[in-house]
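Residue-level structure breakdown
Residue-level listing of the chains:
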Amino acid sequence: MPLVDVRGVSKTFSIPSVQRHTIREHLLGALRPRQFQRLQVLDDVSFELHAGEALGIMGRNGSGKSTLLKIVSGVYLPDTGQVRTNGGITPVLELGVGWNPELDAIDNVLLVGSVMGLPLAEIKKSLDEILAFAELERFANMKLKHYSSGMSERLGYAVAFKAVREVLVLDEIFAVGDAGFKARCERRYRELRSKGHSAIIVSHDPRIIATFCDRAVLLDGAHVVAEGPAQQIADRYVATLTH
């Protein structure tokens with residue numbers, strides 16, 4: 001039985017035909033009904049993820065990769081189709097979402113870690129490890145509103161890598177921080193895989209997909225156009241960029 005079973009998933013969004021940005025534009029447009037265009041982001045997408053497996057998802061910008069991850073993670077509901085999960089999912093999609101800028105790093109780790117399903121006692125026990133992983137020990141008592149985006153993102157990865165359940169869902173893995181932090185993320189990812197965790201990874205980097213995934217799917221025009229060994233799909237993705 002697959003850990004994640006995606007069957008016939010489709011998703012569309014309604015986009016205003018005319019953008020209104022200023023108060024004047026809104027006032028002038030109030031008497032005219034607003035026109036919308038329907039954007040088909042995903043169309044009849046299916047795949048499976050099995051225990052201990054890492055699946056890559058590739059595609060050009062706008063091909064629906066991030067939307068697909070959000071549907072798998074339960075952030076969006078599909079218009080049609082279904083997603084069946086047989087294990088806990090830890091999504092790392094938009095790092096920093098859920099942080100309270102008025103709280104310091106310690107309180108935010110306690111807050112977000114609890115939301116991700118970690119028992120409070122375990123978070124407190126792992127606090128030093130989490131801060132060290134993010135290289136933020138010196139800034140533990142600083143409010144997050146004073147953090148740079150990179151600092152917040154490192155903290156997000158550190159918490160997620162500690163809270164991971166059966167399936168880790170990653171959007172653009174290892175795209176945060178300097179070379180040293182990326183190396184720590186890669187080591188932590190390999191540790192999780194060696195313990196039997198599964199992963200779904202979105203990336204534009206063929207090396208990431210070929211190195212860290214077993215299989216991959218290629219999205220194009222809202223459809224899955226190819227599925228197979230990670231290296232094969234990475235090569236095909238690169239080929240699409242030249243056309």
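I will try to describe carefully the structure that is included in this document. Just so you know, these numbers come straight off a predicted model, no measurement behind them.

Attention now goes to the pairing of strand β7 (residues 198-202). The element β7 is largely enclosed, with a buried count of 5 among its 5 residues. Residue alternation in β7 divides its side chains into two sets, Ser 198, Ile 200 and Val 202 and Ala 199 and Ile 201, and both sets are buried. Of the pairings in the sheet, the one linking strand β3 (residues 54-59) to β7 comprises 4 bridges and is parallel in character. Considered in β7, the bridge of Ala 54 is made with Ala 199. Examined bridge by bridge, strand β6 (residues 167-171) and β7 share 5 bridges and lie parallel to one another. Bridging from a neighbouring strand, Leu 168 pairs with Ala 199 of β7.

Attention now moves to the sheet that holds strand β5 (residues 89-92). Pairing is mixed in the open sheet, where 6 strands are placed in the order β5-β6-β7-β3-β8-β9. Looking at which strands have only one partner, the edges of the open sheet turn out to be β5 and β9 (223-229). On average, adjacent strands in this sheet sit at an angle of 15° to one another, irrespective of strand direction. Where helix α5 (residues 149-163) meets the sheet, it contacts β5 and β6, and its direction lies at approximately 170° from that of β5.

Applying the stated criterion across every chain, the model contains 12 salt bridges. With its nearest N and O atoms 2.8 Å apart, the salt bridge here joins Glu 48 to Arg 7. Taken together, the positions of Glu 48 in strand β2 (residues 36-49) and Arg 7 in strand β1 (residues 4-16) put the pair 41 residues apart, joining distant regions of the chain. Residue classification places Glu 48 among the partly exposed positions, given a relative accessible area of 25%. Owing to a relative accessible area of 34%, Arg 7 belongs among the partly exposed residues under this scheme. Across the salt bridge formed by Glu 135 and Arg 184, the nearest N and O atoms sit 3.4 Å from each other. One end of the pair, Glu 135, is in the loop between α4 (120-133) and α5; the other, Arg 184, is in helix α6 (residues 179-194), with 49 residues separating them in the sequence. The exposure class of Arg 184 is buried, given its relative accessible area of 17%. Here the residues in one salt-bridge network are Asp 5, Arg 7 and Glu 48, joined through shared partners.

Of note, Ser 198 is situated in strand β7. Classification of Ser 198 as buried rests on a relative accessible area of 1%. When sequence neighbours within four positions are dropped, the list of residues in contact with Ser 198 reads Leu 3, Leu 49, His 50, Ala 51, Gly 52, Glu 53, Glu 166, Val 167 and Leu 168.

Of all 6 residues that make up strand β8 (residues 215-220), 5 are buried, and the element is covered over most of its length. As paired strands, β8 and β9 are joined by 6 bridges and run antiparallel to one another. Bridged to Leu 218 within β9 is Ala 226. Here β8 folds back onto β9, and the loop between the two strands holds 2 residues, one of which, Gly 221, carries a positive phi near 60°.

Moving on, we get to the packing of α4 against α5. Axis separation between α4 and α5 bottoms out at 8 Å; the angle between their running directions is 135°. Considered as vectors, α4 and α5 are oriented oblique to each other. Of the two possible hands of crossing, α4 and α5 adopt the one that is right-handed. Of the residues in α5, those in contact with Ser 126, Glu 129, Ile 130, Leu 131 and Phe 133 of α4 are Leu 155, Ala 158, Val 159, Phe 161 and Lys 162. Classifying every residue of the contact of α4 with α5 by side-chain character gives 7 nonpolar, 1 polar and 2 charged.

Reading the values: rules and limits
- Each chain carries its own residue numbering, running from 1 in the written order of its sequence.
- This being a predicted model, a pLDDT of at least 70 is required before a residue's local features are given, and a value of 80 or more before pairs of side-chain atoms are given or counted; all residues contribute to the totals for chains, interfaces and linings.
- Excluded from the side-chain calculations are hydrogens and water; all other atoms, namely the structure's heavy atoms, are used.
- To sort residues, take the accessible area from a 1.4 Å probe on protein chains only and compare it with the maximum for the residue type: under 20% means buried, over 50% means exposed, and anything in between is partly exposed.
- Numbered from the N terminus, helices here are DSSP runs of H or I no shorter than four residues, and strands are runs of E no shorter than two.
- When DSSP finds at least two bridges between two strands, those strands are taken to pair.
- Axes here mean lines fitted to C-alpha atoms, for a helix over just the part in contact, with angles spanning 0 to 180 degrees between N-to-C directions.
- Contacts are assigned to residue pairs with any non-hydrogen atoms lying within 4.5 Å of each other.
- We count a salt bridge whenever a side-chain nitrogen from Lys or Arg sits within 4 Å of a carboxyl oxygen from Asp or Glu.
- These descriptions rest on fixed angle ranges, namely under 35 degrees for roughly parallel, over 145 for roughly antiparallel, 65 to 115 for roughly perpendicular, and the rest for oblique.
- When the near helix sits turned anticlockwise from the far one by under a right angle, the crossing is termed left-handed; a clockwise turn instead gives a right-handed crossing.
- As a working rule, the residues Ala, Val, Leu, Ile, Met, Phe, Trp, Tyr, Cys and Pro are called nonpolar, Asp, Glu, Lys and Arg charged, and the rest polar, with Gly in that last group.

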